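Here are the chains, one letter per residue:
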Amino acid sequence: MEAKIVTLPGDGISPEVVAEAVKVLRKVAEVYSHTFEFEEALVGGAAIDATGEALPAETLTACQKSDGVLLGAVGDPKYDDPRAPVRPEQGLLALRKGLGVFANLRPVKLYKQLLHASTIKPQIIEGVDLLVVRELTGGLYFGKRGRKTVDGVEAAYDTMFYTVPEIERVVRVAFELARKRRKKVTSVDKANVLESSRLWRETATRVAEEYPDVEFESMYVDIAAMRLVRYPNVFDVIVTGNMFGDILTDEASMIAGSMGMLPSGAIGAHKPGLFEPIHGSAPKYTDQNVVNPIATILSPAMLLRYSLELEGETQAIEDAVQVVLEEGYRTKDIREKGTTLVGTREMGSLIADRITNGG
Ligand code: IPM
Ligand code: MG
């Protein structure tokens, strides 16, 4: 197979981890005789520095023409001034919107080798394997926002806005995926307070009727947050809005031991998808060869699965990660007594070296 993959190295530690993901993809190409062509483009702070824009038009065009997009993370304290006219995060949101990738799949799987790396008790998290489907191109992130003066004082507002079709399409993605898993969908909202959540719940409940073979429940987001760390095994597929999904997945990453373990893949009605770790750009660790590249390495594994439909190759990457963990290699974030500490580049090479053509 020939595929064109756009890589967006982004900010902070992101170029380092993206380089490791590319290393692993090159190995996959070699072992399985594929031709992956890589094209690098700018987004986020790196793009602002070079062009003044967080998402240059040529980046979006290159991404749209590709077979899949691999992104690290964006964000830099340099742009944290709340009054800054352009922010790196705007580039990311514009990219998600521009590619129409409305469903963000964030699998939370606990590798058994990391059972004790989590701060949560092993008996609570053992066996966790859940999938959060986060709505990615609507809700509070894209609703009307602004500042105004009310009764002589400065005020600001954001709006949580969802249309029925936006809710239906992402809920359908969740049900389709649940059919291939343990056949349970939990829709998360705040319908006891928010009107947009009442519409979400109504719509999700109606879509659920199309899937009588899948168990369905709705849950308030505060309860879901509590259950995630108390009874995480009750979940199979969670579907939720943009903001709730952002928060719940950082929480859920603690089950897997570290933010550095969670990949994500955003898909829409058309190709290409956008694949990125759930973590941020961690600027303070930049260029120290200390961060965990596994989340970023597992993200293109999702690219192979969802954009290129190469299941064997996807499995090869996931297996290689498993093997390296089994051999006791750990980056700092998941380090435990009796394991071997390695840097970002070493971890990437170890995983690449263990890619084999099992089938
Ligand atoms: C994520 C990140 C982004 C988000 C930030 C960087 C804008 O936290 O992908 O979860 O909020 O979506
Ligand atoms: Mg987040």
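Residues numbered from 1 in each chain as written. Chains lettered and ligands numbered in written order. Predicted model: local features only at pLDDT ≥ 70, side-chain atom pairs only at ≥ 80, totals over all residues. Heavy atoms only, no water.

Enquirer: Before we go on, may I ask you to explain the packing of helix 1 (residues 14-32) against helix 10 (residues 294-306) in this structure?
Expert: A pair of packed helices is captured by two measures, namely the crossing angle of their axes and the spacing between those axes. Between helix 1 and helix 10, whose axes approach to 8 Å, the crossing angle comes to 45°. Considering the angle they form, helix 1 stands oblique to helix 10. As helix 1 packs across helix 10, the resulting crossing turns out to be right-handed. Two secondary-structure elements touch here, helix 1 through Val 17, Val 18, Glu 20, Ala 21, Val 24, Leu 25 and Val 28 and helix 10 through Thr 296, Ile 297, Pro 300 and Leu 304. Across the contact of helix 1 with helix 10, the residue classes tally to nine nonpolar, one polar and one charged. (Axes fitted to C-alpha atoms, helices over the stretch in contact; angles between N-to-C directions. Helix = DSSP H or I, 4+ residues; strand = E, 2+ residues; numbered from the N terminus. Parallel < 35°, antiparallel > 145°, perpendicular 65-115°, else oblique. Left-handed = near helix turned anticlockwise from the far one by under 90°. Contact = heavy atoms within 4.5 Å. Nonpolar A, V, L, I, M, F, W, Y, C, P; charged D, E, K, R; others polar.)

Enquirer: Just checking my understanding: could you explain the environment of Thr 356 for this structure?
Expert: Tracing the backbone through its elements, the reader meets Thr 356 in the segment after helix 12 (344-353). Leave out the neighbours within four places in its chain, and Thr 356 touches Val 31, Tyr 32 and Ala 316.

Enquirer: What exactly am I supposed to notice about the site of ligand 1 here?
Expert: For ligand 1, the full set of nearby residues is Glu 89, Leu 92, Arg 96, Arg 106, Arg 134, Tyr 141 and Asp 246. A distance of 2.7 Å is found between an oxygen atom of ligand 1 and a side-chain nitrogen or oxygen belonging to Arg 96. Between an oxygen atom of ligand 1 and a side-chain N or O atom of Arg 134, the distance comes to 2.9 Å. Relative to its free-state accessible area of 320 Å², ligand 1 is covered by the protein chains to the extent of 80%. Sort the elements by how many residues they give to the shell around ligand 1 and helix 4 (residues 88-99) lands first, with three residues. The class makeup of the residues in the shell around ligand 1 is two nonpolar, no polar and five charged. (Near = heavy atom within 4 Å. Polar contact = N/O pair within 3.5 Å; in protein donor to acceptor, adjacent residues only side chain to side chain. Areas by Shrake-Rupley, 256 points an atom, 1.4 Å probe, with all protein chains shown as cover.)

Enquirer: Please explain the nonpolar core as it appears in this structure.
Expert: Note that soluble globular proteins tend to have their nonpolar side chains buried in a common cluster. By size, the foremost hydrophobic cluster in this structure holds 85 residues, and its most contacted members are Phe 36, Leu 105, Val 133, Val 171, Leu 304, Ile 317 and Ile 351. Apart from residues no more than four positions distant in its own chain, Leu 105 is found in contact with Leu 131, Val 132, Val 133, Val 173, Leu 177, Pro 263, Ser 264, Gly 265, Ile 267, Met 302 and Tyr 306. (Core = buried A, V, L, I, M, F, W, Y, C linked by side-chain atoms within 4.5 Å. Buried < 20%, exposed > 50% of the residue type's maximum accessible area, 1.4 Å probe, protein only.)

Enquirer: Can you walk me through the pattern of salt bridges in this structure?
Expert: Pairing is possible between side chains that carry opposite charge, provided their charged atoms lie close to one another. Counted by the stated rule, this structure contains 23 salt bridges. Here Asp 213 and Arg 179 are joined by a salt bridge, their closest N and O atoms 2.8 Å apart. Of this pair, Asp 213 sits in the loop between helix 7 (195-208) and strand 9 (215-220) while Arg 179 sits in helix 6 (residues 164-179); the two residues are 34 residues apart in sequence, bridging distant segments of the chain. Look at Asp 213 and you get partly exposed, because its relative accessible area is 36%. The exposure class of Arg 179 is partly exposed, given its relative accessible area of 32%. Here Arg 181 ties to Asp 236 by a salt bridge, and the two come within 2.8 Å at their closest N and O atoms. Residue Arg 181 is located in the loop between helix 6 and strand 8 (184-189), and its partner Asp 236 is located in the loop between helix 8 (221-230) and strand 10 (237-240); the two are separated by 55 residues in the primary sequence. Salt bridges sharing common partners tie together Asp 129, Arg 181, Arg 182 and Asp 236. (Salt bridge = Lys/Arg side-chain N within 4 Å of Asp/Glu carboxyl O.)

Enquirer: What's the story with the side chain of Ser 253 in this structure? I'm lost.
Expert: Note that Ser 253 resides in helix 9 (residues 242-253). Here Ser 253 is in contact with Ser 258, Met 259, Leu 262 and Ile 278, once residues within four sequence places are set aside.

Enquirer: Would you take a moment to explain the environment of Arg 96 for this structure?
Expert: By the element assignment, Arg 96 lies in helix 4. Judged by relative accessible area, Arg 96 falls into the buried class, the value being 4%. Counting along the chain gives 177 residues from Arg 96 to Gly 273, while the straight-line C-alpha distance between them is 9.1 Å. If we skip the residues at most four places from it in the chain, Arg 96 touches Val 101, Arg 106, Arg 134, Leu 136, Thr 137, Leu 274 and Glu 276.

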